[in-house]
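Residue strings, one per chain:
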Amino acid sequence: MDTVMTQTFTAPSSPSGYSLHAETRVALDSFFRTFGFTSDEDLARLATWALDMRSVNPREAVAIARARMEAWLTAVLGPAHAGSGSPLARGRAAFVLCDGANWGARVITMGPGALSLEQTRALRTSVPVPAPRPMPTTMPEQQVVLSPLGELFRRWWRAGEPGVSVSR
């Protein structure tokens, strides 16, 4: 008979008694690692912030974390920079491009106002610009020259003939 042990993690920045199941913590850690966070302290702080002392399964935990990060990114980037599409995808790209994980998890957990003007500016300028949609066009006619050396020799040979153009 196998016994299943459930390991729990106590977040260092959480009130006493709050702990996460191991599977939930692993799911949240993998989500926040996509933003560039690697330290255990930052990951624990983000997991506690995302769940707000709720006890949920891993799938629900990641959905809650996605919603909280999307709301935070939308508030920081503003409507002009969030653009169309997924604010989470564009915001994550901007966060990674400006190396926002080096600022620490505190800037996220303290709210959008915790960012300095320089950090906000760096994040907003790092938002990727969407490429235009591909449009069908007609390709201009091209002349194929199989051998440039052979073409040069042909022009030189025909240049000696009277009444023959060297360009053809």
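Provided above is the structure to which this section pertains.
Residues numbered from 1 in each chain as written. Predicted model: local features only at pLDDT ≥ 70, side-chain atom pairs only at ≥ 80, totals over all residues. Heavy atoms only, no water.

Let us look at helix H6 (residues 117-125). By the burial criterion, the buried members of H6 are Gln119, Thr120 and Leu123. On an axial view of H6, the arc spanned by its buried residues comes to 100°, and they lie on one face. Away from the buried face of H6 by more than 90 degrees, exposed residues Leu117, Glu118, Arg121 and Thr125 are located. (Buried < 20%, exposed > 50% of the residue type's maximum accessible area, 1.4 Å probe, protein only. Helix = DSSP H or I, 4+ residues; strand = E, 2+ residues; numbered from the N terminus. Arc of directions from axis to C-beta.)

The subject of this paragraph is the packing of helix H1 (residues 22-33) against helix H2 (residues 40-51). Interaxial distance between H1 and H2 falls to 9 Å at its minimum, and their mutual angle equals 105°. Considered as vectors, H1 and H2 are oriented roughly perpendicular to each other. When H1 is examined against H2, the residues Thr24, Arg25, Leu28, Asp29, Phe32 and Arg33 are found in contact with a partner set consisting of Asp40, Leu43, Ala44, Leu46, Ala47, Trp49, Ala50 and Leu51. (Axes fitted to C-alpha atoms, helices over the stretch in contact; angles between N-to-C directions. Parallel < 35°, antiparallel > 145°, perpendicular 65-115°, else oblique. Contact = heavy atoms within 4.5 Å.)

Quick look at the nonpolar core now. Of all hydrophobic cores here, the largest spans 32 residues; its most connected members are Phe32, Phe37, Met69, Trp72, Ile108 and Leu123. Secondary structure elements with two or more residues in this core: H1, H2, helix H3 (58-82), helix H4 (87-97) and helix H5 (106-109). Counting residues per element, this core draws most heavily on H3, which supplies 8 residues. Sequence-distant contacts of Phe32, defined by excluding residues within four places in its chain, comprise Phe37, Leu43, Leu46, Ala47, Trp49, Ala50, Ala65 and Met69. (Core = buried A, V, L, I, M, F, W, Y, C linked by side-chain atoms within 4.5 Å.)

A separate point is the environment of Asp29. Position of Asp29 among the secondary structure elements: in helix H1. Residue classification places Asp29 among the buried positions, given a relative accessible area of 12%. On a C-alpha basis, the gap between Asp29 and Asp42 in space is 9.5 Å, while along the polypeptide they are 13 residues apart.

On to the pattern of salt bridges. Close approach of charged atoms allows side chains with opposite charge to pair. Within the structure shown, the criterion is met by 2 salt bridges. Asp29 is the salt-bridge partner of Arg25, the closest N and O atoms lying 2.8 Å from each other. Of this pair, Arg25 and Asp29 both sit in helix H1, 4 residues apart, roughly one helical turn. With a shortest N-O distance of 2.7 Å, Asp40 and Arg25 are connected by a salt bridge. One end of the pair, Asp40, is in helix H2; the other, Arg25, is in helix H1, with 15 residues separating them in the sequence. We classify Arg25 as buried; its relative accessible area is 4%. One connected set of salt bridges, linked through shared partners, spans Arg25, Asp29 and Asp40. (Salt bridge = Lys/Arg side-chain N within 4 Å of Asp/Glu carboxyl O.)

Our next topic: unusual backbone geometry. One non-glycine residue, Asp99, adopts positive backbone phi at about 60°. As for its position among the elements, Asp99 is in the loop between H4 and H5.

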